[in-house]
Amino acid sequence: DGDDGDDDPTDGQPANWFLGIELGTTGMSAVLMNQLGDQVNPLCWTIAGDDEANRFRLPAVAQVESQHPQQVGQLGAVGPAVLQATDEYLRAIKPLLKIGIPHGTSGEPWVQWSDQVAVPLITVQSALSQLLTTLSADRMSCRAVGLKSTALKRILNDLRGVVVGYPNNSPDTFRFNIREAILAAGLVQNDDQVVFIDEAIAALLSALPDPQVETEDLDEQQPGLYNCNWSGGTVVISAGSTLTEAAIVDLPAELDQLQYSDFVLRSFTYAGDSLDQDIVIQLMHLPVQAAIDNQAMSGAADAMTNSWQSLGLDQLPLPQPGEADRVKRHRLRQRLNSSPMGRQALAAARELKLALQEDNEYDLTLADQVWTI
C-alpha cells in the first residue's frame, strides 16, 4: 500500500486495540485506541459514490421505501448515498432502538415513521448493522489517520473490544439492539466484548489526561481540547439531536481516584431536533397561519398559504417551545415526515438554525416561494 501512515504503530510493542464508537442520532464517529500505549487514531470514511471524500462523521440515515397500498416501509440504502438520492429517509435510527427487541419472524414491533408508513424495527437494527459493517475488516470502507490500510485491517481483525457511548437511563433494549448490530457486523465475536459508557462521562474523559502518563509526556498539540488539568466541581453538557445529556462531578486532584459513583447524571429529551420543530412552529407556521386567517377574512388565497395549509398543523396539539412534550413532538414529527412539504420545512429549519446564529435574517426557498425569516 502506498498510503501514508505507519505499518506498525506500536513499534513491535504489545497492543490491545479497542474501537470507540460515538453513535449519534444523525451520524456516527469512530476512533481506534491502544489500551497499552498512547496511540489514538480517528477513523474517516471514503465511500463509492459519495461526494465527500473523507467523512469523519458518517450520516446515520436509511432510505424509506413504502410499498403501496400496504403502507409497509422497508429500508433501502444507508449512509451518505441516501442524502443525494431522496428526501424520504429515516434520520433517527438511534432513538428507535430503545422501543423494544425485534422478533425475527414478524419484525415486530413496528415504528410509525409517518402518518401513512410504518417500518419494522428489525429492519432498523439491520440498517445500523450495515452502517457498522463499513468498519469491519472484511468490508472496510474507512481509513485511519496515521495508519496504513494494511495496519488498519490487521487491527480491525484483532479488536479486543468495542466501546459505545449511550444515553443515561436508556433501557436495556437499547444496549441489546446495539450489541446485536455490532455482532452482526462482525466487529467482534462475543457479546462481552461490547462495552457501554454514559455519553456525558465519555465527553469528560475525552478531555482529561491519562492519569498513568507523566505530565511532561502529555501531548500539548491541542491543550484546549485534550489533557485538560481540571479538578473540582465540573459540569458536563453533551447535546445532540434528540437528547441533552448532563453530568455533575467533583473531580479529584488524583484522577485515578475518579469513580462512576462520583457522577450525578441526567438526560433531557429536548435537543437539536426539538429546536428544529420549534423553528417550524414559531418562525414558519404561526406567521403563515396568521396570513391564512387574514386571507380567509378577505376572501383571498395564494399558492403559498394553500401549500402550507395542506400540512394540517393547525389540527394538531403543538408542543410548547423549549419543552420536551414528547407525545406532541412525536406526533408532529410523523406529520412532517408524511409529505414533501413537511420534510422540506424540517430541512429549512436546520438551515435557519445555523444561519440565524450569524445573521439577523435569512432568505430560504420553500414551496417555490422565498421566505424571509
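Residues numbered from 1 in each chain as written. Predicted model: local features only at pLDDT ≥ 70, side-chain atom pairs only at ≥ 80, totals over all residues. Heavy atoms only, no water.

S.K.: Any chance you could explain the pattern of salt bridges here in plain terms?
M.R.: Close approach of charged atoms lets side chains of opposite charge pair. Scanning the model with the defined rule gives five salt bridges in all. The shortest N-O distance in the salt bridge between K94 and E199 comes to 2.5 Å. Remark: E199 occurs in helix α6 (residues 199–205) and K94 occurs in helix α2 (residues 93–96); sequence separation between them is 105 residues. The class for K94 is buried, based on a relative accessible area of 8%. One salt bridge connects D276 with K353, and the closest N-O pair in it is separated by 2.9 Å. With D276 in helix α7 (residues 272–298) and K353 in helix α10 (residues 340–355), this pair connects stretches of sequence that are 77 residues apart. Taking the relative accessible area as the measure of exposure, K353 reaches 24% and is therefore partly exposed. (Salt bridge = Lys/Arg side-chain N within 4 Å of Asp/Glu carboxyl O. Helix = DSSP H or I, 4+ residues; strand = E, 2+ residues; numbered from the N terminus. Buried < 20%, exposed > 50% of the residue type's maximum accessible area, 1.4 Å probe, protein only.)

S.K.: Sorry, what's going on with the layout of surface pockets here?
M.R.: To locate leftover empty space, one rolls a probe as large as a water molecule over the atoms. Space inside the second largest pocket adds up to approximately 1,300 Å³. Forming the boundary of the second largest pocket are 46 residues, of which A92, P95, T242, D273 and R333 lie nearest the centre. Going through the elements one at a time, β7 (89–90), α2, β8 (110–112), α7, α9 (326–337) and α10 are the ones with two or more residues in the lining of the second largest pocket. Broken down by element, the residue count for the lining of the second largest pocket peaks at seven residues, all from α9. (1 Å grid on protein atoms, 1.4 Å probe; cavity = no way out; pocket = protein on both sides within 12 Å on 5 of 7 lines; lining within 4 Å. Points joined across faces, edges and corners; volume = space filled by probe spheres on them.)

S.K.: Explain the nonpolar core here, please?
M.R.: Proteins that are soluble and globular tend to have nonpolar side chains buried together. Grouped together as the largest cluster of nonpolar side chains are 49 residues, with contacts concentrated most on L19, I21, L32 and L135. Broken down by element, the residue count for this core peaks at six residues, all from helix α3 (residues 121–133). The contact partners of I21, leaving out residues within four places of it in the chain, are M28, S29, L132, L135, V162, V163, V164, G165 and L187. The next biggest cluster of nonpolar side chains, apart from the first, holds 23 residues, and it includes I281, M284, L346 and L364. (Core = buried A, V, L, I, M, F, W, Y, C linked by side-chain atoms within 4.5 Å. Contact = heavy atoms within 4.5 Å.)

S.K.: Is there a simple way to explain the pairing of strand β11 (residues 161–166) in this structure?
M.R.: Within a regular strand, the side chains alternate between the two sheet faces. Among the six residues in β11, five count as buried, and that is most of the element. In this sheet, strand β12 (residues 194–198) lies alongside β11 in parallel orientation, the contact comprising five bridges. Bridge assignment links V164 to a residue of β12, and that residue is F196. Chirality of the crossover, the property in question, places the unit of β11, helix α5 (residues 172–184) and β12 among those that are right-handed. (Pairing = 2+ DSSP bridges. Right-handed = clockwise from strand over helix to strand, strands pointing away.)

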